[in-house]
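Single-letter residue listing:
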Amino acid sequence: MSYFAQHFADPNALTTLHEALGTSDECLDFSFDHVRGMTPAEALLDHRLNHLFATLSDHPRQGLGSAIHACGLGQTMNVVRRFETAFGIDMPLFLLTCRRAAEDRLFRKSHPEAEALVLPG
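The text that follows walks through the structure, step by step, so that each part is easy to find. (Residues numbered from 1 in each chain as written. Predicted model: local features only at pLDDT ≥ 70, side-chain atom pairs only at ≥ 80, totals over all residues. Heavy atoms only, no water.)

The next point concerns the overall build of the chain. Within the chain, the regular secondary structure consists of seven helices and zero strands. Mapped from its N terminus to its C terminus, the chain presents α and β elements in the order α-α-α-α-α-α-α. Expected size for 121 residues packed as a compact globule is a radius of gyration near 14 Å; at 19 Å, the chain overshoots this value by more than 25%. Taking the principal axes of the C-alpha coordinates as reference, the chain spans close to 65 × 25 × 25 Å. For the chain, the proportion of its 121 residues judged to be buried stands at 26%. Sequence separation of at least 24 residues holds for 55% of the intrachain contacts in the chain that already meet a minimum separation of 6. When the accessible area of the chain is evaluated, it comes to approximately 8,000 Å², of which 58% is carbon and sulfur surface. (Helix = DSSP H or I, 4+ residues; strand = E, 2+ residues; numbered from the N terminus. Rg over C-alpha atoms; globule rule 2.2 N^0.38 Å. Buried < 20%, exposed > 50% of the residue type's maximum accessible area, 1.4 Å probe, protein only. Contact = heavy atoms within 4.5 Å. Areas by Shrake-Rupley, 256 points an atom, 1.4 Å probe, with all protein chains shown as cover.)

Moving on, we come to helix α4 (residues 40-58). With 19 residues, α4 extends 27 Å from end C-alpha to end C-alpha; this agrees with the ideal 27 Å at 1.5 Å per step. Residues of α4 that are buried include every one of Pro40, Ala43, Leu44, Leu45, Arg48, Leu49, Leu52, Thr55 and Leu56, and no others. Buried residues along α4 sit against α1 (2-7), α2 (13-21), α3 (25-36), α5 (64-70), α6 (79-87) and α7 (91-110). (Expected span 1.5 Å × (residues − 1).)

Another aspect to go through is the packing of aromatic side chains. Enumeration according to the criterion identifies six aromatic pairs in this entry. For the ring pair Phe53 and Phe94, a centre distance of 4.7 Å and an interplane angle of 40° mean the geometry is tilted. Residue Phe53 is located in helix α4, and its partner Phe94 is located in helix α7; the two are separated by 41 residues in the primary sequence. Residue Phe53 is classed as partly exposed on the basis of its relative accessible area, which comes to 30%. By relative accessible area, Phe94 is classed as buried at 5%. (Phe/Tyr/Trp six-rings, centres within 6.5 Å; stacked < 30°, edge-to-face > 60°.)

Let us now look at a negative patch on the surface. Taken together, the side chains of Glu19, Asp25, Glu26, Asp29, Asp33 and Glu42 present a region of like negative charge at the surface. Position of Glu42 relative to the elements: it lies in helix α4. Given a relative accessible area of 43%, Glu42 falls into the partly exposed group. (Patch = residues over 30% accessible without salt bridge, like charges linked within 9 Å, V, L, I, M, F, W, Y side chains within 5 Å. Salt bridge = Lys/Arg side-chain N within 4 Å of Asp/Glu carboxyl O. Lys, Arg positive; Asp, Glu negative; His and termini not counted. Charge placed at Lys NZ, Arg CZ, Asp CG, Glu CD.)

Written out as structure tokens, the structure reads:
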């Protein structure tokens with residue numbers, strides 16, 4: 001998992017993983033299945049989707065395509081569908097929520113006084 005954290009954006013991360021660990025593909029597959037209950041490919045996809053979630057949360061104004069590519073998901077089919085399945089939220093709603101939260105954080109930073117949080121009645 002540490003390897004994925006360092007190499008998730010690399011499109012060849014899976015092909016070089018067994019070499020980096022000094023083991024065979026079969027041994028790696030068996031070990032991942034035994035310990036994590038998933039294949040290395042599933043674990044890498046999970047890591048990349050979680051990174052996409054964090055990236056979009058932290059920088060919601062960036063383009064979705066560039067965020068997907070930066071997370072190593074550019075070659076993965078159906079990224080949006082997989083994201084929605086993994087996190088249980090539609091991508092447009094997620095982006096809207098992240099953008100509103102970013103706007104709220106900016107407003108709060110420039111208006112730190114408690115009165116700024118109260119809507120005029």
